[in-house]
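# A structural walkthrough
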Amino acid sequence: MEPLFIEKTEDTPSINFNPANNVFVIADRSWPENAIEFYEPVLKWLEEYLKTPNQKTAFEFKLEYFNTASAKQIAKILLMLEKFSKQTDITIRWHYDKDDVDMLTSGSRYAKLLNISYEFIEH
Amino acid sequence: MEDFSKYNNEEFIYELFSDSHDNDLNYIFRGQFSQNITDSILALAEKNIEQVAETLKVRKRIYFILLECLQNITRYQPNKVSEIEESAIFVIQKRNNKYFVSSGNLIYNDKVEYVRSRLEIINSLDQDQLNRYYKEVLSNGAMTKEGGGGLGLIEMARKSGQKLMYDFKKIDETYSFFYYQISMESAAPANTPKLSAALSLEKVMGFHNGLVQKNILLIYSSIFLQETMLSVITVVGKQLNGSVLFQKKIYNILVELFQNIIRHGKNPDKHIEGNPGIFFIVDRPDTYGLTCGNYIVNEKINNLEERILLINSFDEKKLENFYSERLFNFDKINKFESGLGLIDMRIKSGSKLCYEIKKVNETYSFFILHVSVIK
């Protein structure tokens, strides 16, 4: 499957989904005005990928900031991953800065509500 | 229940707003000016000027004037400027197709007469004479040890093509405030003329005093756009000191506040794209107060009030549950709506949301939202 690369901008995150290298990373800032529009291709790509996923998928969130509109789209991504985690090995890796308690709280919130393997990685 | 009475200043805020919101650009900054802050103020101004179809020549000139004013502030800023009352003021406005840059900074009392005499000479000269005077000052090396020797002021007069307005106000035995204003014609296509004028220098001086009294650090009153949002946030972030967590909280809350205006605000003036709004920061002993104001349609008021009161009535646990429930509720969301913004601000700030509403006419009201963030 073709990888999905989206360069970061000052208000949208970088996306690096590359099944060949088994890399799945969303990083940087997610402050788009229209989060649905930004995440639409991301969700579409993911849906395709999950039809024939790698044996193991570690999905990494390395976000510095995200707005509430993005929070909802991230919820969508996680729900989709949760759905497929019954058929294949999927882990969420939630990265956060050790001083950024709010980012840890946001990650824990998702982890609590989802039935999926969830790791927290402090930096 | 939160005591809203202490925030009973919607008249004051609306006055500030309506005084300035139909400016194409309105940006008032008060505080300590570091290199960091002046850089981000310039970046913001640049973004704002990019939004209007301005010629390269005018853009470069206005940019030069801004830079020169800001450098005057940092260069002549006396070393011991710790008191908040002594901080400088910087105002950028665009009104009726004219830019106005006003600046006020501290200078030593014994420099006042020198600066005044320079300004008197500059204002007495026409464009040709100014050019000659510039060369003369440049060649005879009449530079002061701070650099300059009035070259900056001469250049501003040359580039703006207008007289400089100025005034001095003695603060104490050591310092005075030096205020000046430069105006410049815009080359962009004219908008519909507006009735009210830009802040005169006299008003800027009075205004400065008002900001000091109310401990307002920064006011940004303009059309709110995603494109300029980041530059404003950067300026704010650099002005507020605090831990990494605090900085991140401020950034997150500002994004929600600004995007509230961008998405949900209204613009009664159909000729202009984007929503007008006002934003300011108040410095209090233990908290920073972040305030935003914008138009909303009257029919939305009840719903909005109910939501704020509901969110304010929750304790920490209920808030968390409410957030989680909304987070995974994808019903009835349009492309801009998440329904989470207010809850998020309430959680991140750790304090109740305060609001004020002022009815403007049959269709619109002015809605003000205050968020206090603990330092």
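Residues numbered from 1 in each chain as written. Chains lettered and ligands numbered in written order. Predicted model: local features only at pLDDT ≥ 70, side-chain atom pairs only at ≥ 80, totals over all residues.

## Points about the overall build of chain A
Counted only if it meets this: Helix and strand definitions follow DSSP, with helices as H or I runs of at least four residues and strands as E runs of at least two, each counted in order from the N terminus. Residue burial here comes from a neighbour count, namely the number of other C-beta atoms, placed from the backbone, that lie within 10 Å of the residue's own C-beta, with 20 or more meaning buried, 12 or fewer meaning exposed, and in between meaning partly exposed. Two residues qualify as being in contact provided that their C-beta atoms, derived from the backbone, are within 7 Å of each other.
The helix and strand tally for chain A stands at three helices and six strands. Scanning chain A from its N terminus toward the C terminus, one meets helices and strands in the order β-β-β-α-β-α-β-α-β. Taking the principal axes of its C-alpha atoms as reference, chain A extends roughly 35 × 30 × 25 Å. Expressed as a percentage of the 123 residues in chain A, the buried residues total 35%. Long-range pairs, those at least 24 residues apart, make up 68% of the contacts in chain A with a sequence separation of at least 6.

## Considering the interface of chain B and chain A
Listed as interface residues are 23 residues of chain B and, on the opposing side, 21 residues of chain A. Listed by contribution, the elements that provide at least two residues to the side of chain B that touches chain A are helix 8 (226-239), helix 9 (244-264), helix 11 (316-327) and helix 12 (341-349) of chain B. Sorting elements by how many residues they give to the side of chain B that touches chain A places helix 9 of chain B first, with ten residues.

## Considering helix 2 (residues 68-84) of chain A
Structurally, the α-helix is built with 3.6 residues per turn, so residues lying three or four positions apart point the same way. The condition is simple: Expected span, for any helix, means 1.5 Å times one less than how many residues it has.
Taking 1.5 Å per residue as the helical rise, helix 2 of chain A with its 17 residues ought to reach 24 Å, and the 25 Å between its terminal C-alpha atoms agrees with that figure. Among all positions of helix 2 of chain A, only T68, A69, S70, A71, K72, Q73, I74, A75, L78 and L81 of chain A are buried.

## Some remarks on the sheet that holds strand 3 (residues 23-30) of chain A
Residue and element names in this part refer to chain A. Our working definition: DSSP bridges decide pairing: two strands pair if at least two such bridges lie between them. To obtain each axis, a line is fitted to C-alpha atoms, and for helices this fit is confined to the stretch in contact; angles are then taken between N-to-C directions over 0 to 180 degrees.
One open sheet accounts for six strands, arranged 1-2-3-4-5-6; its pairing is mixed. The sheet is open, and its two edges are formed by strand 1 (4-6) and strand 6 (117-122), each paired on a single side. Between one strand axis and the next, the sheet turns by 15° as a mean value, whatever way the strands run. Sheet strands touched by helix 3 (residues 101-113): strand 5 (89-96) and strand 6. Its angle to strand 5, the strand with the most contacts, is close to 160°.

## Some remarks on the pairing of strand 7 (residues 275-283) of chain B
Residue and element names in this part refer to chain B. The buried fraction of strand 7 is high, at seven of nine residues. Inspection of the sheet shows strand 6 (residues 216-224) paired to strand 7 by eight bridges, in the antiparallel sense. Residue pairing in the sheet places Y220 in a bridge with F279 of strand 7. The sheet contact formed by strand 7 and strand 8 (residues 287-297) spans seven bridges and is antiparallel. The residue bridging D283 from the neighbouring strand is Y288, located in strand 8. Here strand 7 hands over to strand 8 after three residues, the two strands then running antiparallel side by side.

## Describing helix 3 of chain A
Residue and element names in this part refer to chain A. Counted only if it meets this: Throughout, the arc means the angular range of directions from the helix axis out to the C-beta atoms.
Counted at 1.5 Å a residue, the expected span for helix 3 with its 13 residues is 18 Å, and the 19 Å between its end C-alpha atoms agrees. Within the span of helix 3, buried status applies to M103, S106, G107 and Y110. For helix 3, the angular spread of the buried residues around the axis is 95°, confining them to a single face. Next to the buried residues of helix 3 lie helix 2, strand 5 and strand 6.

## Concerning the domain arrangement of chain B
Residues and elements named next belong to chain B. Rule in force here: Where each domain begins and ends follows an automated or database-derived domain assignment. Gly is placed with the polar residues, together with every amino acid not listed as nonpolar (Ala, Val, Leu, Ile, Met, Phe, Trp, Tyr, Cys and Pro) or charged (Asp, Glu, Lys and Arg).
Domain boundaries in chain B define domain 1 (1-22 + 225-375) and domain 2 (27-195). Listed by partner, the interface residues are eleven residues for domain 1 and twelve residues for domain 2. Considered class by class, the residues forming the side of domain 1 that touches domain 2 number three nonpolar, five polar and three charged.

## Describing the packing of helix 10 (residues 301-313) of chain B against helix 12 of chain B
Residue and element names in this part refer to chain B. Note the following rule: Throughout, a crossing is termed right-handed when the near helix is turned clockwise from the far one, and left-handed when it is turned anticlockwise from it by less than a right angle.
At their nearest, the axes of helix 10 and helix 12 sit 10 Å apart, and the two run at 35° to each other. Taken as a pair, helix 10 and helix 12 cross one another with a handedness that is right-handed. Contacts from R307, I308 and I311 of helix 10 reach helix 12 at L342, I343 and R346. Looking at the contact of helix 10 with helix 12, its residues break down into four nonpolar, no polar and two charged.

## With respect to the environment of M165 of chain B
Residue and element names in this part refer to chain B. Here M165 lies in strand 4 (residues 165-170). In the structure, M165 is positioned 18 residues away from S183 in sequence and 8.9 Å away in space, judged by C-alpha atoms. Those residues in contact with M165 that sit more than four places away from it in its chain are Y180, Q181 and L201.

## Details of the packing of helix 2 (residues 35-51) of chain B against helix 8 of chain B
Residues and elements named next belong to chain B. To keep things clear, this is the line we draw: Angles are sorted into four bins: roughly parallel if under 35 degrees, roughly antiparallel if over 145, roughly perpendicular if 65 to 115, and oblique for all others.
Packing of helix 2 against helix 8 leaves a shortest axis separation of 9 Å and a crossing angle of 165°. Between helix 2 and helix 8, the interaxial angle falls into the category roughly antiparallel. Crossing geometry of helix 2 relative to helix 8 is assigned as left-handed. In this structure, helix 2 contributes N36, I37, S40, I41, A43, L44, K47 and N48 to the contact, and helix 8 contributes E227, T228, S231, V232, T234, V235, K238 and Q239. A per-class count over the contact of helix 2 with helix 8 returns six nonpolar, seven polar and three charged.

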